[in-house]
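# Working through the structure, step by step
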Amino acid sequence: MKKLLHLQSLVWIVIGCGGLFLFSGCQGAISKQEQEIKDKRTIVLGFAQVGAESSWRLSNTKSIKEEAAAEGMQLMYINAEQKQENQIKAIRSFIAYQVDAILLSPVIETGWENVLHEAKAANIPIILTDREIKTDEPDLYRSFVGSDFKKEGKMAGKFLQKKFQDKTRQVNIVELYGTIGSSPAEGRSIGFREVIKENAHFKVICSRSGDFMHSKGKEIMRDILNEYKAIDVLYSHNDSMTLGAIEAMEEVGMVPGKDIVIITIDGEQKVIDALKDGKVNCVIECNPKLGKEIIDLTKKVLNGENIPRTVYVEDEVFTEWDDLSLISPRGY
Ligand code: GZL
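Reading guide: rules and limits
- Residues numbered from 1 in each chain as written.
- Predicted model: local features only at pLDDT ≥ 70, side-chain atom pairs only at ≥ 80, totals over all residues.
- Heavy atoms only, no water.
- Buried < 20%, exposed > 50% of the residue type's maximum accessible area, 1.4 Å probe, protein only.
- Helix = DSSP H or I, 4+ residues; strand = E, 2+ residues; numbered from the N terminus.
- Arc of directions from axis to C-beta.
- Contact = heavy atoms within 4.5 Å.
- Pairing = 2+ DSSP bridges.
- Right-handed = clockwise from strand over helix to strand, strands pointing away.
- Near = heavy atom within 4 Å.
- Polar contact = N/O pair within 3.5 Å; in protein donor to acceptor, adjacent residues only side chain to side chain.
- Nonpolar A, V, L, I, M, F, W, Y, C, P; charged D, E, K, R; others polar.
- Axes fitted to C-alpha atoms, helices over the stretch in contact; angles between N-to-C directions.

### Section: helix H11 (residues 269–276)
- Within H11 the residues assigned to the buried category are Val271, Ile272, Ala274 and Leu275. Buried residues along H11 cover an arc of 155° about the axis, so they all sit on one side.
- Here the buried face of H11 lies against helix H10 (239–251), strand S9 (261–266), strand S10 (282–285) and strand S12 (317–319).
- A positive backbone phi angle near 80° is found at Gly278, which sits one or two residues after H11.

Structure (structure tokens):
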């Protein structure tokens, strides 16, 4: 509708000039007029966000909203409450409005072909932010901006190898898995296992999904503590689940970071504070502040420039061995 309105106003402008440009090879004139309108009009983006399940997610949303506003872009934001069907509905509404581009953080990796074909048919570019999709049709989206989740999993495994380098007895590991079918959970799990398979005495005795949520992380850790009596390590796919798991440990008198070594991913302030208090042993950052990279990339797409297929943001690792006073406030 929006683009149609602009086209009509463009046609009106051309006719308003006595149709001078309409029939006499007006391409040059129209493209000048069109360029002036295009330069003046506000870019409208659709943003289908996963939800608001963690402080990480809230920071990620804030970063993208702030950068879009700073660039004078209008952002239509939908919180899909971690449901793929809500994201698909949001994309369809963005298509109906004929936004200039769609930002999508796909809650899970599969099931996107139909709606992304609809966006392609509408000539609306898709940019993936934060999470990736699995598809045999790479042209369904232009680029991915986010973290390298497999690398995050490997960093977790490498910390564990150093932490237990003197141990030869079996090391029992519990994994709090993120959202099943999501690219961060899959990457963090695969990367971790790729590293620890070098150590035959490292054993993942239990892996359960807490869906990246504090409440589920606590609930599942309570059950695991009842079922397993010899746990050495908790490897948690995100800080929200970790904070829930720490509460479950403390409920039964366990000392997190001592009785159970804890490795967690995201880098939220609360978990950095827990690292400083000795309740956590290793925090792997997953940088949520993707706004600048996403909006810069979107501008390039809309200007018809070539863009990279994948833009990984850098993630840091903070361990119990570091000078933790050097960690700047996290902001999320
Ligand atoms: C990772 C992101 C994950 C965070 C969680 O990029 O998708 O989703 O690690 C969030 O905190 O729920």
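### Some remarks on the pairing of S9
- Burial analysis of S9 places six of its six residues in the buried class, the great majority of the element.
- Across four bridges, the pairing between strand S8 (residues 233–236) and S9 is parallel. Its bridge partner lying in S9, Val233 is registered against Val261.
- For the segment spanning S8, H10 and S9, crossover handedness is right-handed.
- In terms of strand pairing, S9 meets S10 through four bridges, oriented parallel. Note that in S10 the partner of Ile263 across the bridge is Cys282.
- A crossover connection joins S9 to the parallel S10 through H11; in handedness this β-α-β unit is right-handed.

### A look at the pairing of strand S1 (residues 44–49)
- Of all six residues that make up S1, six are buried, and the element is covered over most of its length.
- Bridge count between S1 and strand S2 (residues 74–79): six bridges; the pairing is parallel. Among the inter-strand pairings, Val44 is bridged to a residue of S2, identified as Gln74.
- Where the polypeptide runs from S1 across helix H4 (residues 55–70) and back to S2, its parallel neighbour, the crossover connection is right-handed.

### Considering the site of the ligand
- In the neighbourhood of the ligand, 13 residues make up the surrounding shell, with Glu53, Asp130, Arg131, Asn238 and Asp266 lying closest.
- Take Ser54: an N or O atom from its side chain is 3.0 Å from an oxygen atom of the ligand.
- Measuring from an oxygen atom of the ligand, one finds a side-chain N or O atom of Asp266 at 2.6 Å.
- Counting only elements with at least two residues in the shell around the ligand, the list comes to H4 and helix H8 (183–196).
- Tallied by class, residues from the shell around the ligand come to five nonpolar, two polar and six charged.

### Section: the sheet that holds strand S11 (residues 310–312)
- On the basis of which strands lie adjacent, the open sheet formed by six strands has the order S2-S1-S3-S4-S5-S11 and parallel pairing. Across the chains shown, the open sheet's two edge strands, defined by having one partner strand only, are S2 and S11. Each neighbouring strand pair of the sheet contributes to a mean axis angle of 20°, computed without reference to strand direction.
- Across four bridges, S1 lies against strand S3 (residues 101–104) in parallel orientation. Considered in S3, the bridge of Leu45 is made with Ala101.
- Running over the sheet, helix H12 (residues 291–302) touches S1, S3, strand S4 (126–129), strand S5 (143–146) and S11 and is turned about 165° from S4.

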